[in-house]
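# Geometric and topological summary
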Amino acid sequence: MNETTTDPDGARVDRSPLWILFFLFGVLLGAHAIYLMVLPSADPDHWRAFTSDPEMIAYLTDDFRASGAMQLGFAIMSMTIAGRWFRLGDRWAWVLFWYFPVLFAWSIFTTWAVGLFLTLTLVAVAALVATHRQFYK
């Protein structure tokens, strides 16, 4: 499962392919971000069941697009960190990716998709625990 390669400094490093999982978490965030940005255009009447106030609809439209854009930036950053620094074994990347289980655990309490986010939380924690030795030898 682990491959042994040489890092740029010439040291031998055991690398786990679990960086791909965190890259995929970034892809998941990116897909959701695109959904947030596209929803106001794809379904302009999405909020009509809650409000018919045009100013509120304009506000929600802008808010969804802005939130989606910020989330897309975070998704791209996550994919970049996973593909570069996490894969190469930089400790700060491992610590930073504890963000994912925290995000997924928080989502358990704030959404209807409890099973999905419980599974994602457990997978993220398991991946971080499994890669601990790669970062802390």
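Scroll up to find the structure this text is about.
Rules behind the numbers
- Residues numbered from 1 in each chain as written.
- Predicted model: local features only at pLDDT ≥ 70, side-chain atom pairs only at ≥ 80, totals over all residues.
- Heavy atoms only, no water.
- Buried < 20%, exposed > 50% of the residue type's maximum accessible area, 1.4 Å probe, protein only.
- Helix = DSSP H or I, 4+ residues; strand = E, 2+ residues; numbered from the N terminus.
- Arc of directions from axis to C-beta.
- Contact = heavy atoms within 4.5 Å.
- 1 Å grid on protein atoms, 1.4 Å probe; cavity = no way out; pocket = protein on both sides within 12 Å on 5 of 7 lines; lining within 4 Å.
- Points joined across faces, edges and corners; volume = space filled by probe spheres on them.
- Nonpolar A, V, L, I, M, F, W, Y, C, P; charged D, E, K, R; others polar.
- Core = buried A, V, L, I, M, F, W, Y, C linked by side-chain atoms within 4.5 Å.
- Axes fitted to C-alpha atoms, helices over the stretch in contact; angles between N-to-C directions.
- Parallel < 35°, antiparallel > 145°, perpendicular 65-115°, else oblique.
- Left-handed = near helix turned anticlockwise from the far one by under 90°.
- Expected span 1.5 Å × (residues − 1).
- Bend = angle between axes of the 7 residues up to and from the residue.
- Phe/Tyr/Trp six-rings, centres within 6.5 Å; stacked < 30°, edge-to-face > 60°.
- Lys NZ or Arg CZ within 6 Å of the ring centre and 35° of its normal.

### Some thoughts on helix α4 (residues 99–108)
- Those residues of α4 that fall on the buried side of the exposure criterion are Phe100, Pro101, Leu103, Phe104, Ser107 and Ile108. Looking straight down α4, one finds that the buried residues subtend no more than 160 degrees of arc, so they occupy a single side. Turned more than 90 degrees away from the buried face of α4, the exposed residues are Val102 and Trp106.
- Packed against the buried residues of α4 are α1 (19–42), α2 (54–88) and α5 (114–130).

### Some details on the layout of surface pockets
- What the largest pocket holds in volume is close to 570 Å³.
- What lines the largest pocket is a set of 20 residues, and nearest its centre among them are His32, Gln71, Ser107, Thr111 and Phe117.
- Within the residue set of the lining of the largest pocket, elements represented by two or more residues are α1, α2, α4 and α5.
- The biggest single contributor to the lining of the largest pocket is α4, with six residues.
- Residue classes in the lining of the largest pocket are distributed as 15 nonpolar, five polar and no charged.

### Regarding the nonpolar core
- Counting residues in each nonpolar core, the largest one holds 22 residues, and the members touching the most others are Phe22, Phe25, Phe86, Phe97, Phe100 and Phe104.
- At the level of elements, α1, α2, α3 (91–96), α4 and α5 are the ones that each hand at least two residues to this core.
- The greatest single-element share of this core, amounting to five residues, is contributed by α5.
- Here Phe100 is in contact with Phe22, Phe25, Gly26, Leu29, Ser78 and Ala124, once residues within four sequence places are set aside.

### Considerations on the packing of α1 against α2
- For the pair α1 and α2, the least separation of the axes is 8 Å and the interaxial angle reads 165 degrees. With respect to α2, the element α1 is oriented roughly antiparallel. Considering the relative orientation of α1 and α2, their crossing is left-handed.
- For the contact of α1 with α2, the per-class residue count stands at 19 nonpolar, 10 polar and two charged.

### Concerning α2
- End to end, α2 covers 50 Å across 35 residues, agreeing with the expected 51 Å (1.5 Å per residue, within 8%).
- The largest bend in α2 amounts to roughly 40 degrees and is located at Ala82.
- For α2, the set of buried residues is Ile57, Leu60, Thr61, Gly68, Gln71, Ala75, Ser78, Met79, Ile81, Ala82, Phe86 and Leu88.
- In the segment just after α2, Gly89 is the residue with positive phi, at about 90 degrees.

### Some remarks on the packing of aromatic side chains
- Under the criterion given, the structure shown has 20 aromatic pairs.
- Seen in terms of ring centroids, Phe74 and Phe100 are 6.4 Å apart; in terms of plane orientation they differ by 45 degrees. Their pairing is tilted. Of this pair, Phe74 sits in helix α2 while Phe100 sits in helix α4; the two residues are 26 residues apart in sequence, bridging distant segments of the chain.
- The partly exposed category is assigned to Phe74, whose relative accessible area is 25%.
- Phe100 sits in the buried class, given a relative accessible area of 0%.
- In this structure, Arg87 packs its charged tip against the face of Trp19, placed 5.8 Å from the ring centre.

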